[in-house]
Amino acid sequence: MAEVNATLKRIQSQKGVQGAIIVSSEGIPIKNMLDNSSTVQYAGLIHQLVVKARSTIRDLDPKNDLMFLRVRSKKNQIMITPDKDYFLIIIQNPSD
Amino acid sequence: MRAKVEETLRRIETHKGVIGTIVVNAEGIPIRTTLDNSTAVQYAGLLRHLSMKARSTVRDIDPQNDLTFLRIRSKKHEILVAPENEFLLVVIQNPSE
């Protein structure tokens, strides 16, 4: 747990990072460095997107799997790292 | 204008590591591709749905925001999706080492 905290702190202190959320495989945020209402909103919406992205990859090739997702928008970018039981969401201002 | 588009597409298509490119129209149909037709059709349909989902995710979080790019990395390769108006440019590449 201490290692998780330390890693999250390191990510959070990177230039441009606005927030970091760890979400369970059911879409429930279990650790976050963002305000609560934003966290819940991000967690739920991105969980659905990750499920969709994963099934897209698997539909194309059942032996393949999703490793990383980067969603870039006008205002920021969201990076998602899925794992077996959790996924990590980082919201960052894109580097100029 | 047409020549410039061709030139850009060709530059992408011949880039090191690029496995294939697809230009998808508003109906989800590939209108230009370096892949075989059935593969292109499959990618086009699935990626259109995924990029629509990504776009609505971004807009649900902030209605004034919009999706500009999507990068999907899998074990075997990486798919880049650039939406523009109703079109999609899809590039499949071997991830850079």
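See above for the structure.
So, here's what we can say about the structure. Model, not experiment: these values are computed from the prediction.

## Looking at unusual backbone geometry
Phase 1 of the analysis: The backbone phi angle of Asn85 of chain B is positive, close to 50 degrees, even though this residue is not glycine.
Phase 2 of the analysis: In this fold, Asn85 of chain B is placed in the loop between strand E4 (78-84) and strand E5 (87-93).

## Quick word on the interface of chain B and chain A
Phase 1 of the analysis: Counting residues at the interface gives 28 residues for chain B and 28 residues for chain A.
Phase 2 of the analysis: Carbon and sulfur atoms supply 65% of the area that chain B and chain A bury against each other, a total of about 2600 Å² over both sides.
Phase 3 of the analysis: Across the chain B-chain A interface, the total number found is two salt bridges.
Phase 4 of the analysis: Notably, a salt bridge pairs Asp61 of chain A with Lys76 of chain B, separated by 2.8 Å at the nearest N-O pair.
Phase 5 of the analysis: For the interface between chain B and chain A, the tally reads 18 residue pairs in polar contact (both at pLDDT 80 or more).
Phase 6 of the analysis: Secondary-structure elements contributing two or more residues to the side of chain B that touches chain A are helix H2 (37-61) and strand E3 (67-74) of chain B.
Phase 7 of the analysis: Ranked by the residues each element gives to the side of chain B that touches chain A, the list is headed by H2 of chain B, at twelve residues.

## Quick look at the pattern of salt bridges
Residue and element names in this part refer to chain B.
Phase 1 of the analysis: Applying the stated criterion across every chain, the model contains eleven salt bridges over all chains.
Phase 2 of the analysis: For the salt bridge of Asp66 with Arg59, the shortest nitrogen-to-oxygen distance reads 3.2 Å.
Phase 3 of the analysis: By relative accessible area, Asp66 is classed as buried at 15%.
Phase 4 of the analysis: In the salt-bridge network here, residues are joined through shared partners; they are Glu6, Arg10, Glu13 and Arg32.

## Describing the pairing of strand E2 (residues 29-32) of chain A
Residues and elements named next belong to chain A.
Phase 1 of the analysis: Bridging between strand E1 (residues 17-24) and E2 involves three bridges; their strand directions are antiparallel. Residue Ile22 lies in a different strand from E2, and its bridge partner there is Lys31.
Phase 2 of the analysis: Taking the residues that link successive antiparallel strands as the turn, the E1-E2 hairpin has four residues, and the phi of Gly27 there is positive, at about 95 degrees.

## Regarding a nonpolar patch on the surface
All names here are of chain A.
Phase 1 of the analysis: Together, Ile28, Ile30 and Tyr86 give the surface a local cluster of nonpolar side chains, amounting to about 300 Å² of exposed area.
Phase 2 of the analysis: Relative to the helices and strands, Ile30 is located in strand E2.
Phase 3 of the analysis: Its relative accessible area of 48% is what places Ile30 among the partly exposed residues.

## Considerations on the packing of helix H2 (residues 36-60) of chain A against H2 of chain B
Relative placement of two packed helices is described by the angle separating their axes and the distance separating the axes.
Phase 1 of the analysis: For the pair H2 of chain A and H2 of chain B, interaxial distance at closest approach is 10 Å and the crossing angle is 175 degrees. Taken together, the axes of H2 of chain A and H2 of chain B lie roughly antiparallel to each other. Along the contact surface, H2 of chain A presents Gln41, Tyr42, Leu45, Ile46, Gln48, Leu49, Lys52, Ala53, Thr56, Asp59 and Leu60 of chain A, while H2 of chain B presents Gln42, Tyr43, Leu46, Leu47, His49, Leu50, Lys53, Ala54, Thr57, Asp60 and Ile61 of chain B.
Phase 2 of the analysis: A breakdown of the residues in the contact of H2 of chain A with H2 of chain B according to their chemical character gives twelve nonpolar, six polar and four charged.

## Let's talk about the sheet that holds E4 of chain B
Phase 1 of the analysis: With antiparallel pairing, ten strands are arranged side by side in an open sheet as E2(A)-E1(A)-E5(A)-E4(A)-E3(A)-E3(B)-E4(B)-E5(B)-E1(B)-E2(B). The open sheet is flanked by E2 of chain A together with strand E2 (30-33) of chain B, the only strands paired with a single partner. If you compare each strand with its neighbour and ignore which way they point, the axes differ by 15 degrees on average.
Phase 2 of the analysis: Sheet analysis places E4 of chain B next to E5 of chain B, joined by seven bridges and oriented antiparallel.

What counts, and where the lines are drawn
All residue numbers here refer to positions counted from 1 along the written sequence of the relevant chain. Chains carry letters from A onward and ligands carry numbers from 1 onward, assigned in written order. Local features are withheld for residues below a pLDDT of 70 in this predicted model, meaning they are given only at 70 or higher, and side-chain atom pairs are given and counted only at 80 or more; totals for whole chains, interfaces and linings count all residues. Just so you know, side-chain values use all the structure's heavy atoms and leave hydrogens and water out. Comment: elements are numbered from the N terminus, with helices defined as DSSP H or I runs of at least four residues and strands as E runs of at least two. Note on definitions: a residue-residue contact is assigned when non-hydrogen atoms from the two residues lie within 4.5 Å. Accessible area that two parts lose when put together, with a 1.4 Å probe and added across both, is what the buried area reports. Here a salt bridge means any side-chain nitrogen of Lys or Arg lying within 4 Å of a carboxyl oxygen belonging to Asp or Glu. Definition of a polar contact: a pair of N or O atoms within 3.5 Å, with one able to donate and the other able to accept a hydrogen when the atoms are protein atoms, and with sequence-neighbouring residues admitted only if both atoms are side-chain atoms. Three labels apply to residues, based on accessible area from a 1.4 Å probe with only protein chains included: buried if under 20% of the type maximum, exposed if over 50%, partly exposed otherwise in between. Pairing between strands requires that DSSP locate at least two bridges from one strand to the other. Patch membership is restricted to residues that have no salt bridge and whose relative accessible area is over 30%. Joining uses 9 Å for like charges and 5 Å for the nonpolar side chains Val, Leu, Ile, Met, Phe, Trp and Tyr. Here the open area of atoms and residues is found with the Shrake-Rupley method and a 1.4 Å probe, where only the protein chains shown may cover a residue. For helices, the fitted axis covers only the stretch in contact; all axes are lines through C-alpha atoms, and the angles between them, taken along N-to-C directions, range from 0 to 180 degrees. By the definition adopted for this analysis, an angle is roughly parallel if under 35 degrees, roughly antiparallel if over 145, roughly perpendicular if from 65 to 115, and oblique otherwise. In the scheme used here, Gly and all other residues not listed as nonpolar or charged are polar, with Ala, Val, Leu, Ile, Met, Phe, Trp, Tyr, Cys and Pro taken as nonpolar and Asp, Glu, Lys and Arg as charged.

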